[in-house]
Amino acid sequence: MKVKIQDVSGFQSLGLSVDAAVSFMPFIRFVERRAAEETTLKAAFYHQTLDYFRQHNIPENDIPLQDIEQYDGFFEHIYACLSPVLLPEIQHVWGLSVPLYPKVFYGTDLLYEMIAQKPLDADQFINKRSPGDFFKERLHVIYTLIMQRLYNFKVPAKIEQYYAWINPETGLMRYFEVFVNTDFVEITPKGELPALDFTELYARFSEENGHLVLENVLPLTSFKFRGFSVLNVSDVTSKMAVENIRKVRLNRIPGQEAERYHNIIHSLKTLVRNNRIEFDMFPFVRVNKRAVYGYETAGTGIMFRVWGQDRLTPEAFSKQAEGYAAKPISFYSPDIGGEKEMQIAFLGPFRKEGVRSLALLPVFFDETPVGVLCMHTWQEEVFDEKTLSMLEPAFEPIGQLLQIYIDEFNLELENIIKEKFTSIQPAVQWKFNEAAWHHLHKKKKNLPRETEPICFKQVYPLYGAIDIRNSTLERNAATAKDLAFQLELLGAAFAALQSWDNSSLMQELTFTCKKWQQTLESGAWNNAGENNLNHFLGNESKDYLMHLSEQQPETSNIINEYLNATQPETGAIFRNRSAFELSMNMITDAVNNYFESEKDRLQQPFPCYFEKFRTDGVEYDIYIGQSISPAKPFNHFHLKNVRLWQLSSMIAIARLTRSLMSAMPRPLATTQLIFVHNHMIDISFRADERKFDVEGAYNIRYQIIKKRIDKVHIRNTNERLTQPDKIALIFFNKKDIEDYLPFIHYLQDSNALTPAMEDLELEDLQGISGLHALRLEVAYDD
């Protein structure tokens, strides 16, 4: 035990004008009461303390701090009265301080050692407090005591009692809880106490500066504070490490997953008090009740390297993960390089990664395994069972975290299904939620239930199409080349087989093959002809060749060579069609990826419904208007913004697809089309088709026009409107494109479009007349 005056605030506490002094009388009165009440042997001890106080003539008045060392013997009696019997002094962080001041004058050796070990570098403190913070905290404490002692009124004041700093030796957190006991501080008013409005006080005191209310009516100079405070300090590092994991669970911010898992791993290291022990978490995620890979590395990532896709096939991983989940057991070894451990096969990949000590611990949520917590070290470090047992408090919050990861994984799948495979997009989700709630409400109230229509009134439609130029002709040409090559191979096979089979049937098949070759060369064939040819190739000739191979095995080499060339995907007879499909997929994938990257940016000014669908290219519908988002005011500028995006995106896509041509096995070009409809329409969700469609006879005309304009010609010519490297805007009246014209000039001035602009009349279509178009030319850097 020591008698030493020490400021425990680090001299950060501002001075307070408080009449406070050390006095032993509050403690003496407490001991006198206990001595009178106690009926056990403790009474003799309390009387001994009182005798010591009287025999040594200890003053009943204030004790100056400079004279405090004279009373170290009496401090021993105070410690003996107040300390737990079972707690040794060498393990007890305990002390006495001046009332309401952060000055310790007596305490255990461990308390003074802790004060001396506190880092001098302020950056090592986690909960650094400014002098102003200390000042407010002390005022809260003082006024809380005044209200409790003199007014018998408890105020809603909570004082932070946790202190944390980074241990410079380990780089890990240390947390301590300081409990200040003020039972031996007496408060005496110097005058008559004023009446208070407790209703206002209760409401105001919980505010940050609530003490200011009391400072005006109860200045601290009106009170005397006598006695001493008792300090008890506890190491709560383990408790706070677990609490920090729980906080991470509750305070999840999208996009900060890496930081989240870093904090969890750091808290686990703090819990085991060793920065050289590593951790990894491996959640069990499932699709259709089958275990699949997760995607986030939560720690060192060793579990993903050992059990992930880099080492295991999806089938092998699923089998291994399901087997472990069915019988989740813990594994621990201080050294997986030991003789016994070398016989365990699954440890091999861990040894290759450089692991030495290893523990694999199943984690549960609601009695269901949700993942594995891996605790390991690298070659130079080991841990024992005692360190392993320190993890026990963390299993519950870790289980909750892994379950949250699983829930978020499942929710992400659901969102993808909604967005990619249904018409329920975020912009219109609220409408479906509302209809679902109405349905649920009626169901719970046993009211008649009808499917509520999902409709949006008065929205502006925007339509765009990116088409592959002459895709039908290109596909037919690729098909014709492949079929001609197959007929050539088949004719060669028939000729080679004449030595073994010169039957009338072979002669007829050979003749038919040559006839089809002539038909292809002349180009005089159609869809019906293609079907007949495919029947000849896939059924008649193939079946006969298979029969011949069985009857005369010596012909199998010739026949197998031909049949190998006809294998789907890998066969030589699909070379041109595969090249065409690959080129087309390159275009559609690039366009789809572009729209995916632009989707969120498009929604920022004002939510809109955006649906794209694949034809030979990619088409899209956009609907925007007040009814899409009733809570946000819609302005014509929002419509203009989408129209500018339409033009800019078409330019970007034209440049993107052109840049792909050099990498395409069969070069294909794209055309870009925008249909301008300047009138609002109504749309509704069709439950039978699971998509939105237009409502009303007039609005249906809009859909009809969209379907008929893709191959429209310029009036009195055979020239198609849509051309590569061009953007076509189709409209009825000049007024329809008033919003677009300033954007066109802007894009021309910024060299995104060339100065060329054609104003064209279009041919009449079935039921449609009066169409006009602007044709713009995309500018390229090359």
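Heads up: these notes are all about the structure in this document. (Residues numbered from 1 in each chain as written. Predicted model: local features only at pLDDT ≥ 70, side-chain atom pairs only at ≥ 80, totals over all residues. Heavy atoms only, no water.)

On to the overall build of the protein chain, then. Helices and strands together make up the secondary structure of the protein chain, namely 23 helices and 25 strands. A compact globule built from 782 residues should have a C-alpha radius of gyration of about 28 Å, whereas the protein chain, at 42 Å, is more than 25% larger. Viewed in the frame of its principal axes, the protein chain has a C-alpha envelope of about 135 × 75 × 65 Å. A burial count over the protein chain gives 45% of its 782 residues as buried. Sequence-distant contacts, at least 24 apart, represent 70% of the contacts inside the protein chain between residues at least 6 apart. Element-wise, carbon and sulfur atoms account for 51% of the exposed surface of the protein chain, whose accessible area totals about 41200 Å². Looking at the protein chain, you have 83 positive and 103 negative side-chain charges, and the mean spots of the two groups are 3 Å apart. (Helix = DSSP H or I, 4+ residues; strand = E, 2+ residues; numbered from the N terminus. Rg over C-alpha atoms; globule rule 2.2 N^0.38 Å. Buried < 20%, exposed > 50% of the residue type's maximum accessible area, 1.4 Å probe, protein only. Contact = heavy atoms within 4.5 Å. Areas by Shrake-Rupley, 256 points an atom, 1.4 Å probe, with all protein chains shown as cover. Lys, Arg positive; Asp, Glu negative; His and termini not counted. Charge placed at Lys NZ, Arg CZ, Asp CG, Glu CD.)

This paragraph deals with the packing of helix H20 (residues 575-603) against helix H21 (residues 636-660). Two elements in contact, H20 and H21, have axes separated by 10 Å at closest approach and are oriented at 150°. In terms of orientation, H20 lies roughly antiparallel with respect to H21. You can see that H20 and H21 cross each other, and the crossing is right-handed. Along its contact with H20, which presents Met 586, Ile 587, Ala 590, Val 591, Tyr 594, Phe 595, Glu 598, Arg 601 and Leu 602, the element H21 presents Val 642, Trp 645, Ser 648, Ser 649, Ala 652, Ile 653, Leu 656, Thr 657 and Leu 660. Classifying every residue of the contact of H20 with H21 gives 13 nonpolar, three polar and two charged. (Axes fitted to C-alpha atoms, helices over the stretch in contact; angles between N-to-C directions. Parallel < 35°, antiparallel > 145°, perpendicular 65-115°, else oblique. Left-handed = near helix turned anticlockwise from the far one by under 90°. Nonpolar A, V, L, I, M, F, W, Y, C, P; charged D, E, K, R; others polar.)

One can find Lys 431 in helix H15 (residues 429-444). Buried charge without a partner: Lys 431 forms no salt bridge, and the closest opposite charge is Glu 434, 4.2 Å away. Dropping the residues within four chain positions of it, Lys 431 is found in contact with Ile 454, Cys 455 and Phe 456. (Salt bridge = Lys/Arg side-chain N within 4 Å of Asp/Glu carboxyl O.)

Counted under the stated rule, the structure contains 32 salt bridges. Note that Asp 19 is salt-bridged to Arg 226, the shortest N-O span being 2.9 Å. Taken as a pair, Asp 19 in strand E2 (residues 19-22) and Arg 226 in strand E8 (residues 223-227) lie far apart in primary sequence, 207 residues in all. Judged by its relative accessible area of 25%, Asp 19 is partly exposed.

Within the secondary structure layout, Ala 20 lies in strand E2. Residue classification places Ala 20 among the partly exposed residues on the basis of a relative accessible area of 21%. For the pair formed by Ala 20 and Ile 187, sequence separation is 167 residues and the distance between their alpha carbons is 9.3 Å. Discounting chain neighbours no more than four positions away, the residues touching Ala 20 are Pro 99, Tyr 101, Phe 225 and Arg 226.

Quick look at the environment of Val 285 now. Along the chain, Val 285 turns up in strand E11 (residues 285-287). Distance from Val 285 to Ala 321, taken between C-alpha atoms, is 9.7 Å for residues 36 residues apart in sequence. Among all residues touching Val 285, those that are not within four sequence positions of it are Arg 290, Ala 291, Val 292, Tyr 293, Gly 294, Tyr 405, Ile 406 and Phe 409.

Next up on the list: the nonpolar core. Core analysis: the biggest nonpolar cluster contains 46 residues, and Phe 595, Ile 622, Leu 647, Ile 727, Leu 729 and Tyr 740 have the highest contact counts within it. Of all hydrophobic cores here, the second largest spans 34 residues; its members include Ala 427, Phe 456, Phe 685 and Phe 692. (Core = buried A, V, L, I, M, F, W, Y, C linked by side-chain atoms within 4.5 Å.)

Burial of strand E25 (residues 772-778) is extensive: five of the seven residues sit out of reach of the surface. As paired elements, strand E23 (residues 726-731) and E25 share six bridges and run antiparallel to each other. Bridge pairing links Ala 728 to Arg 775 in E25. By the bridge criterion, six bridges tie strand E24 (residues 753-761) to E25 in an arrangement that is antiparallel. Looking at E25, one finds that Leu 753 is bridged to Val 778. (Pairing = 2+ DSSP bridges.)

Taken in spatial order, the six strands of this open sheet run E1-E4-E3-E9-E6-E5, and their pairing is antiparallel. Edge positions in the sheet fall to strand E1 (2-7) and strand E5 (162-166), since each has one partner strand and no second. Neighbouring strand axes in the sheet, compared pairwise and without regard to direction, differ in orientation by 30° on average. The pairing of E1 with strand E4 (residues 103-107) spans four bridges and is antiparallel.

What follows deals with unusual backbone geometry. Unusually for a residue other than glycine, Leu 100 sits at a positive phi of about 70°. With respect to the element layout, Leu 100 can be found in the loop between strand E3 (94-97) and E4. Of note, Glu 367 is a non-glycine position whose phi angle comes to about 65°, a positive value. Structurally, the position occupied by Glu 367 is in the loop between strand E15 (355-365) and strand E16 (368-378). Its relative accessible area of 75% is what places Glu 367 among the exposed residues.

All right, on to the sheet that holds strand E7 (residues 185-189) then. With respect to topology, three strands assemble into an open sheet ordered E2-E8-E7, the strand pairing being mixed. Each end of this open sheet is capped by a strand with a single partner; those strands are E2 and E7. Going from strand to strand, the sheet's axes swing by 15° on average, the running direction of each strand aside.

In this section: the packing of aromatic side chains. Per the counting criterion, the structure on display carries 37 aromatic pairs. Plain terms: the ring middles of Phe 24 and Phe 74 are 5.1 Å apart, the flat faces sit at 65° to each other, and that makes the pair edge-to-face. Within this pair, whereas Phe 24 is found in the loop between E2 and helix H1 (25-37), its partner Phe 74 is found in helix H3 (residues 72-82), the two being separated by 50 residues in sequence. When its relative accessible area of 0% is taken as the criterion, Phe 74 is described as buried. Both rings, one in Phe 75 and one in Tyr 106, keep their centres 4.8 Å apart while their planes meet at 35°; by these two values the pair is tilted. Separated by 31 residues along the polypeptide, Phe 75 in helix H3 and Tyr 106 in strand E4 bring together distant segments of the chain. For Phe 75, a relative accessible area of 0% gives the class buried. Relative accessible area serves as the criterion here: at 1%, Tyr 106 is assigned to the buried category. For the cation-ring pair, Arg 658 lies above Tyr 780, with the distance from its terminal atom to the ring centre recorded as 4.1 Å. (Phe/Tyr/Trp six-rings, centres within 6.5 Å; stacked < 30°, edge-to-face > 60°. Lys NZ or Arg CZ within 6 Å of the ring centre and 35° of its normal.)

So, about the environment of Asn 593. Assignment of secondary structure puts Asn 593 in helix H20. Between the C-alpha atoms of Asn 593 and Thr 570, which are 23 residues apart in sequence, the distance is 28 Å.

Okay, the side chain of Glu 381 next. Inspection of the secondary structure assignment puts Glu 381 in the loop between E16 and helix H13 (385-389). A distance of 2.8 Å separates the side chain of Glu 381 from the side chain of Arg 276, its partner in a polar contact. With residues near it in sequence (within four places) discarded, Glu 381 still touches Asn 274, Arg 276, Arg 356 and Ser 357. (Polar contact = N/O pair within 3.5 Å; in protein donor to acceptor, adjacent residues only side chain to side chain.)

Our next topic: the pairing of strand E9 (residues 229-235). Note that E3 and E9 share four bridges and pair antiparallel. Along E9, the bridge assignment pairs Gly 95 with Leu 231. Pairing analysis gives six bridges linking strand E6 (residues 173-181) to E9, with the strands arranged antiparallel. Across the sheet, residue Phe 176 finds its bridge partner in E9, namely Asp 235.

A few words now on helix H2 (residues 42-55). For an α-helix, the turn length of 3.6 residues means that residues three or four places apart are oriented alike. Between its terminal C-alpha atoms H2 stretches 20 Å, which fits the 20 Å expected from 14 residues at 1.5 Å a residue. Buried within H2 are the following residues: Ala 43, Tyr 46, Thr 49, Leu 50, Tyr 52 and Phe 53. Elements that come into contact with the buried residues of H2 comprise H1 and H3. (Expected span 1.5 Å × (residues − 1).)

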